[in-house]
Amino acid sequence: YEDAIRFLNGVLQEFSDEELEILLADAQRQLADFNRRVNNAVETAERLLRADRVIEAVRYLESQVDTCGRSADFCAILERARHEQERMRSIAAAVQSARAALANQDFAGAAEEVERCRQSVGDHADLSHMAAEIDSHRREAATNCSTVWAIWLSLFRARSGHAMWCCARKRHAA
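Per chain, residues are indexed from 1 in the order of the written sequence. The predicted origin of the model limits local features to residues at a pLDDT of at least 70 and limits the giving and counting of side-chain atom pairs to 80 or more, whereas totals for whole chains, interfaces and linings rest on all residues. As a rule here, side-chain values come from all non-hydrogen atoms in the structure, and water together with hydrogens is ignored.

Quick word on the pattern of salt bridges
Close approach of charged atoms allows side chains of opposite charge to pair. The term salt bridge refers to a side-chain nitrogen of Lys or Arg lying within 4 Å of a carboxyl oxygen of Asp or Glu. By the definition in use, this model includes 11 salt bridges. A salt bridge links Asp33 to Arg36; the nearest nitrogen and oxygen atoms lie 2.2 Å apart. Of this pair, Asp33 and Arg36 both sit in helix H2 (residues 18-50), 3 residues apart, which is roughly one turn of that helix. Classification of Asp33 by relative accessible area gives partly exposed; the value is 23%. Note on conventions: DSSP H or I runs of at least 4 residues are helices, E runs of at least 2 residues are strands, and numbering of each starts at the N terminus. Burial classes follow relative accessibility: with a 1.4 Å probe on protein chains only, a residue under 20% of its type's maximum area counts as buried, one over 50% as exposed, and anything between as partly exposed.

And the structure:
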């Protein structure tokens with residue numbers, strides 16, 4: 001449309017023609033409609049991305065490619081949405097791997113998975129939540145280990161004390 005508008009403007013500067021003026025007005029109207037569709041698509045995609053509805057944003061934009069795909073702004077937001085979709089897939093995979101490691105009480109492996117993803121795609125709330133969950137499980141395991149150790153030690157002392165008491169009793173009796 002823009003090329004047609006420029007061409008018609010150039011011709012109309014040299015020649016006055018009512019049919020060319022109608023064509024120019026029609027081209028300007030179509031360009032305005034195109035720009036309005038592109039702006040609506042970009043604004044809708046921006047709202048979806050801000051709401052972390054990345055998959056919906058990509059689907060919506062891909063459904064608009066035929067009508068808006070010639071716009072640089074549209075192509076830029078589509079590329080950004082696709083990049084964000086890949087980023088979210090990486091984050092979901094890292095969280096899933098970290099959960100699997102956590103299920104095996106592999107706290108270091110879980111933390112490494114989260115950190116590796118952060119290095120690759122940047123920080124995200126899901127990664128922060130997973131890191132907090134790993135720390136919580138690590139503390140809980142340490143507490144449980146300390147509790148088991150304390151119980152074992154008290155049983156050992158009680159048994160040792162009982163053994164000493166039995167030995168002392170036998171010596172006293174003899």
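So, the environment of His83
Tracing the backbone shows His83 in helix H5 (residues 72-103). You can call His83 exposed: its relative accessible area is 53%. Taking C-alpha positions, His83 is 9.7 Å from Val54, a pair spaced 29 residues apart along the chain.

Focus: the state of the cysteines
In this description, the term disulfide denotes a pair of cysteine sulfurs within 2.5 Å. Under the definition given, this model contains 0 disulfides. Considering cysteine sulfurs only, Cys75 is the nearest to Cys68, which forms no disulfide, with 9.5 Å between them. Overall, Cys68 belongs to the buried group, its relative accessible area being 0%.

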